[in-house]
Amino acid sequence: CGYGGNNQPAADCSTELPDGAAANTYSCGHGSNLPAREPGQFFWTDGPGCKDKMVVGVPTNPAPPRFGGRILISFENLPWLHE
């Protein structure tokens, strides 16, 4: 999901967010009127959501359909993980 629409951070990730801003809150504007770094300015004043964008010709909004399956993750030879 991309930024870059009206009242949204820049799509190239150059917009500095406020100190302590949670990435999962500012990602796609989960909410509205989220504080910008500049005092008195806010993002997503028109409501939550993103400007649609394409990745390799596939739109990211709405999410493309999934075809099922599963993802398996294996951690091998990572001794630091068990410290």
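Structural notes, computed from the coordinates. (Residues numbered from 1 in each chain as written. Predicted model: local features only at pLDDT ≥ 70, side-chain atom pairs only at ≥ 80, totals over all residues. Heavy atoms only, no water.)

### So, the overall build of the protein chain
In step 1: What the protein chain contains, in helices and strands, is 1 helix and 4 strands.
In step 2: Here the protein chain, with 83 residues, has 18% of them falling under the buried criterion.
In step 3: Within the protein chain, counting contacts between residues at least 6 apart in sequence, those at least 24 apart form 33% of the total.
In step 4: Carbon together with sulfur atoms contributes 55% to the accessible area of the protein chain, which is approximately 6600 Å² in total. (Helix = DSSP H or I, 4+ residues; strand = E, 2+ residues; numbered from the N terminus. Buried < 20%, exposed > 50% of the residue type's maximum accessible area, 1.4 Å probe, protein only. Contact = heavy atoms within 4.5 Å. Areas by Shrake-Rupley, 256 points an atom, 1.4 Å probe, with all protein chains shown as cover.)

### With respect to a nonpolar patch on the surface
In step 1: Nonpolar side chains collect at one region of the surface, where Ile71, Ile73, Phe75, Trp80 and Leu81 lie side by side and expose about 650 Å² of accessible area between them.
In step 2: Turning to its location among the elements, tryptophan 80 is positioned in the segment after β4 (58–59).
In step 3: Judged by relative accessible area, tryptophan 80 falls into the exposed class, the value being 55%. (Patch = residues over 30% accessible without salt bridge, like charges linked within 9 Å, V, L, I, M, F, W, Y side chains within 5 Å. Salt bridge = Lys/Arg side-chain N within 4 Å of Asp/Glu carboxyl O.)

### Things to note about the nonpolar core
In step 1: One finds Tyr3, Tyr26, Leu34, Ala36, Phe43 and Trp44 forming the largest nonpolar core, which totals 6 residues.
In step 2: Ignoring any residue separated from it by four or fewer positions in sequence, one finds phenylalanine 43 in contact with Asn7, Gln8, Pro9, Thr15, Leu17, Tyr26, Ser32, Asn33, Leu34, Pro35 and Ala36. (Core = buried A, V, L, I, M, F, W, Y, C linked by side-chain atoms within 4.5 Å.)

### Notes on the pattern of salt bridges
In step 1: Using the criterion set out here, one finds 2 salt bridges in the structure.
In step 2: Between arginine 37 and glutamate 16 there is a salt bridge whose closest N-O contact spans 3.3 Å. Pair noted here: arginine 37 is in the loop between β1 (34–35) and β2 (42–43) and glutamate 16 is in the segment before α1 (23–26), with a separation of 21 residues, a long-range link.
In step 3: Classification of arginine 37 as partly exposed rests on a relative accessible area of 38%.
In step 4: Looking at glutamate 16, the relative accessible area reads 52%, which means it is exposed.
In step 5: Salt-bridge contacts for arginine 37 lead to aspartate 19; the nearest nitrogen and oxygen are separated by 3.2 Å.

### Quick look at the packing of aromatic side chains
For any pair of aromatic rings, the description rests on two quantities: the centre-to-centre distance and the angle between the ring planes.
In step 1: Tallied over the entire structure, the rule returns 1 aromatic pair.
In step 2: For the pair phenylalanine 43 and tryptophan 44, a centre-to-centre distance of 5.7 Å together with 65 degrees between the ring planes defines the contact as edge-to-face. Taken as a pair, phenylalanine 43 and tryptophan 44 share a single burial class, namely buried. (Phe/Tyr/Trp six-rings, centres within 6.5 Å; stacked < 30°, edge-to-face > 60°.)

### What about unusual backbone geometry?
Negative phi is the rule for most residues except glycine; trans is the rule for most peptide bonds.
In step 1: The phi angle at tryptophan 44 is positive, at roughly 55 degrees, despite the residue not being glycine.
In step 2: Along the chain, the position of tryptophan 44 falls in the loop between β2 and β3 (54–55).

### Quick notes on the environment of aspartate 46
In step 1: Its location among the elements puts aspartate 46 in the loop between β2 and β3.
In step 2: Counting along the chain gives 14 residues from aspartate 46 to serine 32, while the straight-line C-alpha distance between them is 7.3 Å.
In step 3: Once residues lying within four places of it in the same chain are set aside, the contact partners of aspartate 46 are Asn6 and Asn7.

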